[in-house]
Amino acid sequence: MPDSSKDCFARDKFADYRDDMGGVGSFSRQNRTLYIGRIKETGPGPETEEIVRRHFKMWGEIVFLRVLQHRSVAFVTYADEANAQFAKEAMACQSMDNDEILNVRWATEDPNPQSKLAEKRRLEEIGSVAIANKLDPRMVDAVRHIRALEDEEAVPEPTSPPEKRQKLIEPEPEPEPEPEPSGILSAQTLEGIRYLAEVRRQQEKALQKKPAATRPAPTGLGGLGGYASDEDDD
């Protein structure tokens, strides 16, 4: 979901609206409605509404539009807040068909309790859809099934494919247990003994291949250097 602390131009929002309801806006609530003032009316209400719709629909889908005839004011509600943010910047101090200079700002919160409740439900639905898109559909089906059973309601139709539901229901096969040794020693102990025996065998083989150290035989007169003559020199 988009960052509610910034507008569509990545500008930081504030905790409260400005006194004139202009500027970037507030992150305290989602506002999709624009106040449009200084409209120059040259005909009946439906004609003015058509002019406003034609100029503002290019910035996004409009879900509600109301013109206060003889007061030069209109309210435009977009399907998405980002469209309202863009339209506010694009149409501020602009004109439509009659060379007026529009005053475009954020609309104040609708005091109608029904409107507040409808907006709350709309935001909850958007949040639920966004969360459901991130979850595994098999888990969503399982939770819906459990809630339906708890509330004693009809079990809802699953949304995940049948093969995925089958995988979710079927338990995973348990790994086969290792055979227990029939002797006194365990399999791990026997394996360790075999390993040590193999290491000792390799060491003995290496010692057998190593030649024994022999003393080199003396050569030349070097062997007689340690012996003295029995005869005295004359």
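Computed from a predicted structure; not experimentally measured. (Residues numbered from 1 in each chain as written. Predicted model: local features only at pLDDT ≥ 70, side-chain atom pairs only at ≥ 80, totals over all residues. Heavy atoms only, no water.)

Asks: Explain the overall build of the protein chain to me, and be specific about the residues and the numbers.
Replies: For the protein chain, the helix and strand inventory stands at 6 helices and 4 strands. Overall, the protein chain shows an N-to-C arrangement of helices and strands of β-α-β-β-α-β-α-α-α-α. Evaluated residue by residue, the protein chain yields a buried proportion of 21% over its 234 residues. Here the contacts in the protein chain between residues at least 6 apart in sequence split such that 57% fall between residues at least 24 apart. About 18,400 Å² of surface is accessible on the protein chain, with carbon and sulfur atoms providing 53% of the total. (Helix = DSSP H or I, 4+ residues; strand = E, 2+ residues; numbered from the N terminus. Buried < 20%, exposed > 50% of the residue type's maximum accessible area, 1.4 Å probe, protein only. Contact = heavy atoms within 4.5 Å. Areas by Shrake-Rupley, 256 points an atom, 1.4 Å probe, with all protein chains shown as cover.)

Asks: Give me the nonpolar core: which residues, what numbers.
Replies: Formed by 21 residues in total, the largest nonpolar core has its most connected members in Ile36, Val52, Phe56, Tyr78, Met96 and Leu102. The set of elements that each furnish at least two residues to this core consists of strand 1 (33-37), helix 1 (45-56), strand 2 (62-68), strand 3 (73-78), helix 2 (81-91) and strand 4 (103-106). (Core = buried A, V, L, I, M, F, W, Y, C linked by side-chain atoms within 4.5 Å.)

Asks: Go over the side chain of Glu81, please, and point to the residues and values.
Replies: With respect to the helices and strands, the residue Glu81 is situated in helix 2. Only 3.2 Å separates the side chain of Glu81 from the backbone nitrogen of Asn31, close enough to count as a polar contact. Those residues within four positions of Glu81 in sequence are excluded, and the remaining contacts are Lys13, Arg29, Gln30, Asn31 and Arg32. (Polar contact = N/O pair within 3.5 Å; in protein donor to acceptor, adjacent residues only side chain to side chain.)

Asks: Account for the pairing of strand 1, with residues named and values stated.
Replies: Along any regular strand, the residues point their side chains to alternate faces of the sheet. In terms of burial, strand 1 is largely enclosed, as 5 of its 5 residues are buried. By the bridge criterion, 5 bridges tie strand 1 to strand 3 in an arrangement that is antiparallel. When the bridges of strand 3 are listed, Tyr35 appears paired with Phe75. (Pairing = 2+ DSSP bridges.)

Asks: Tell me about the pattern of salt bridges, and please be specific about residues and values.
Replies: Applying the stated criterion across every chain, the model contains 10 salt bridges. A salt bridge links Asp7 to Arg11; its shortest N-O distance comes to 2.8 Å. The exposure class of Arg11 is partly exposed, given its relative accessible area of 31%. The salt bridge involving Arg18 is made with Asp20; its shortest N-O contact spans 2.8 Å. (Salt bridge = Lys/Arg side-chain N within 4 Å of Asp/Glu carboxyl O.)

Asks: How would you sum up the side chain of Thr33? Please name residues and give values.
Replies: Positionally, Thr33 belongs in strand 1. A polar side-chain atom of Thr33 sits 2.8 Å from a polar atom in the side chain of Thr77. Not counting the four nearest positions on each side in its chain, Thr33 is found in contact with Phe75, Val76, Thr77, Trp106 and Ala107.

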